[in-house]
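Here is what each chain is made of, one letter per residue.
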Amino acid sequence: MPDRFLPSEFIVNVDHQRCRRCKRCILNCGFGVFDFQNMTTADSSKCVACHRCVVFCPEEAITITRNPLAFREHASWDVGLRKAIWKQAQSPGMILTGMGNDKPWLNIFDHLLIDACQVTNPSIDPLREPMELRTYLGRKPARLEIEYDSQGKPVLRGAVENNIMINVPIIFSGMSYGSISLNAQRAIAIAAERLGTLMNTGEGGLHEELYPYANHIIVQCASGRFGVHSKYLNAGVAVEIKIGQGAKPGIGGHLPGEKIGREVSGTRMIPQGTDALSPAPHHDIYSIEDLRQLIYALKEATGYKPVSVKIATVHNVAAIASGIARAGADMIYLDGFRGGTGASPAIVRDHVGIPIEIAIAVVDEQLRSEGIRNMVSIIAAGGIRSSADVVKAIALGADAVAIGTAALVAMGCRLCQKCYTGNCSWGIATQRPELTSRLDPDWGAERLVNLVNSWSLEVKEVLGALGINAIESLRGNRDRLRSLGLDPATNEVLGVRPAGM
Amino acid sequence: MDGVRQASRSEEEVKVAELDARGIHYKELNEKIRSLIESGYEEIVLNGVNGQRYIGDGLVHNVRIVINGVPGNDLGAFMDGPRIVVNDNAQDGVGNTMNSGVIVVRGHAGDVIGYGMRSGKIFIRDDVGYRTGIHMKSYREQVPVIVVGGRAGDFLGEYMAGGIIVVLGLSSDSKDLVGHYTGTGMHGGVIYLAEEIDESKLGSEVRIFQADKTDIERLNALLAEFSDLTGLDVSKVDPRSFVKLLPVSHRPYGNMYVY
């Protein structure tokens, strides 16, 4: 059977009239599409439509189109399903993929509408009035007790837990060194510092070069405990226990040995070339009590820094979140089923978990009904694509959001979903030096700063329209949302009324 | 400081502090330990320890901690350097994710001993529970070691990525040396067992081999250290009869995916 049993996804066309044979496309493509034999040739079967060649061709000689090859339409047998069967019939194994869920599930954010003031309760003009986006992450006291000293000055009674101040309610999600390049992490770290927000190491340790940014870094402690040691735990402003990830709830992770080069090996503190296996569960956490034990082990080891617990949003997310709050966590990081990944079996990425919109609403509601909402900050991630999503997530009940995919897209990612191959032409999801060197951290940081600043402006504009002058007043304010086209049961779960009511 | 008795062993010029741990919450106890270390004490003796967790947690100092009583869970978690001696049993999570140092338990220890430890040594005189040495890993010159004088429960060395585990089986009862699923998912390091075990006890990622000359030299050295620290007589233990478990592959899950 010919190698071309599986038809190419895309067709690469080089206009030889325009091509000046500069070979930039050959140098730029991480997937080896181009070759040169008297003229530029392209192997379309390798193309992932990442556009690197298109962007760098000085003559605009390259076009990429979807393979127009016709398949007989079948409503049940989507072409993707047929291709999956051909792949697995050829070589046995789970189909691996990258980025977040690409299936056309209902996107609830796109069915929520934001309120605005008209006539009564006048809106606020953000050009004239200060708009507060500053957010404090961490445990808040149930009540404040104030005493007056001999001079009659008010003094706060009792200790308040450590909180982390961020200037915008947007942080960067955990993306490990290994899954993304050090230059990509550098860009995110520089941006986090400039923006006064946070980045997260993911489960890959903290490279020595990122220690200067430690005041803007959450360090992660996941099941593989890669690169976890006392200095690392104490470096950041908080520690995150990663239980689950939205793209792969309930399963572990395998960073293949090919990606464990000298630098990644040093940061993860494992030998070069061996697979980095993260077990599915933490083997010291089989219960909420065990989780509490690790939370306090980390607090003891770090002088009581805030501890975040990251979970994938699964069916019982509300009860789990309640357990996490009671176990002593200061933050709960909810990662929805659209969350991204460097590598996940497609079946898990596409079919396991629940949407972040629902998870935020039910967790917020559960914690409020138990009177423990103050005990944790909720960080929502996994499908935050725009400032509108930020506003809606916070109105549903989140304290802040985290962005991963959006940050990578800002740095050039075209969502080709081939992160697991390590061939990323944009120098992001790769460790190949000739590819990583093309991502300039300062260029990346500037784009990330621009993106978050743009979203901040938009969030402020909407807050003004809502007649609210602090993001805090929006949190859990579901009365300012209406749904359009959602079924009654989903409306009830979200705690949102349909438009018109 | 309250409850602290100061002393010094003049012959070695070691600054020793004794602390009565009875009725003290772990948070306070650990604060006291840290403050004693900061005041220059090199040896801290804790008396009356009764279940306080996290003793030695995250400490990076060159200090010796002697525990009289039973310490609570996560003894020496994330520890990087200290030497801890427990003159009694220990509970779960001893040496959890520790980076270096030595923990000696002159008694039994519970579950999840040395989870993810990257270096240092743990010597347990008697038996250990389930999941001992899960996901231990080595890195460059760092090679973690766990020696168990008695028996080990199920899942010994699961997901083990590096390091050395030794089980001597010197407990008085006649139960098996190790439990089920020994070495499941193991992809690095070595497990030494004092006697041949049935293959039904093993995960499918490991095979049994006889200990060779290098192994015997290594075992002799570890046995001497173990006996010295735990006080257990190992004169009847003969490393020549040991078997070792090695992973079949360093990449046991390398062929699970199609792209």
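This is a predicted model, so every value here is computed, not measured.

With that out of the way, let us pick up the overall build of chain B. On a plain count of helices and strands, chain B comes out with two helices and 13 strands. Here the C-alpha radius of gyration of chain B, 19 Å, is about what a compact globule of 259 residues would show, namely 18 Å. The 259 residues of chain B split such that 60% are buried. Taking contacts inside chain B between residues at least 6 apart in sequence as the whole, the part at least 24 apart equals 42%.

Our focus in this paragraph is the interface of chain B and chain A. Where interface size is quoted, it is often the accessible area lost as the parts come together. With 40 residues of chain B at the interface, the matching set in chain A holds 47 residues. Overall, the association of chain B and chain A removes approximately 3,700 Å² of surface from exposure, summing both partners, and the carbon and sulfur fraction of that is 56%. Looking only at chain B, the three residues that lose the most surface to chain A are Phe78(B), Val258(B) and Tyr259(B), adding up to 20% of its buried area. At the junction of chain B and chain A, the tally comes to one salt bridge. Where chain B meets chain A, there are 19 residue pairs in polar contact (both at pLDDT 80 or more).

A separate point is the sheet that holds strand S22 (residues 481-483) of chain A. Residues and elements named next belong to chain A. Judged by pairing direction, the sheet is mixed, and its three strands sit side by side in the order S6-S22-S23 without closing on themselves. Both edges of this open sheet fall to strand S6 (112-114) and strand S23 (497-498), since each of them pairs with a single strand only. Looking at chain direction, S6 and S22 are connected through three bridges and run antiparallel. Note that in S22 the partner of Leu113 across the bridge is Arg482. Helix H11 (residues 387-396) contacts S6 and S22 of the sheet and is inclined by roughly 95° relative to S6.

Bringing helix H3 (residues 79-90) of chain A into the picture now. In a regular helix each residue adds 1.5 Å, so twelve residues correspond to 16 Å; H3(A) covers 17 Å between its end C-alpha atoms and thus fits that length. Between the side-chain oxygen of the N-cap and the backbone nitrogen of Gly80(A) there are 2.9 Å, and the N-cap of H3(A) in question is Asp78(A).

Residues and elements named next belong to chain A. For chain A, the assigned domains are domain 1 (3-93) and domain 2 (165-471). In this structure, domain 1 and domain 2 have C-alpha centres spaced 32 Å apart. Taken together, the contact pairs eleven residues of domain 1 with eleven residues of domain 2. Taken together, the two surfaces of domain 1 and domain 2 that pack against each other cover about 950 Å², and 56% of this comes from carbon and sulfur. Together, Gly30, Phe31 and Arg52 form the three largest contributors to the area buried by domain 1 at its contact with domain 2, with a combined 51%. Summed over the shared surface of domain 1 and domain 2, the result is six residue pairs in polar contact (both at pLDDT 80 or more). Among the secondary structure elements, those contributing two or more residues to the side of domain 1 that touches domain 2 are helix H1 (24-28) and helix H2 (52-56). Taken together, the residues that form the side of domain 1 that touches domain 2 break down as seven nonpolar, three polar and one charged.

Definitions and limits used
Residues numbered from 1 in each chain as written. Chains lettered and ligands numbered in written order. Predicted model: local features only at pLDDT ≥ 70, side-chain atom pairs only at ≥ 80, totals over all residues. Heavy atoms only, no water. Helix = DSSP H or I, 4+ residues; strand = E, 2+ residues; numbered from the N terminus. Rg over C-alpha atoms; globule rule 2.2 N^0.38 Å. Buried < 20%, exposed > 50% of the residue type's maximum accessible area, 1.4 Å probe, protein only. Contact = heavy atoms within 4.5 Å. Buried area = accessible area lost by both parts, 1.4 Å probe. Salt bridge = Lys/Arg side-chain N within 4 Å of Asp/Glu carboxyl O. Polar contact = N/O pair within 3.5 Å; in protein donor to acceptor, adjacent residues only side chain to side chain. Pairing = 2+ DSSP bridges. Axes fitted to C-alpha atoms, helices over the stretch in contact; angles between N-to-C directions. Expected span 1.5 Å × (residues − 1). Domains from an automatic or database assignment. Nonpolar A, V, L, I, M, F, W, Y, C, P; charged D, E, K, R; others polar.

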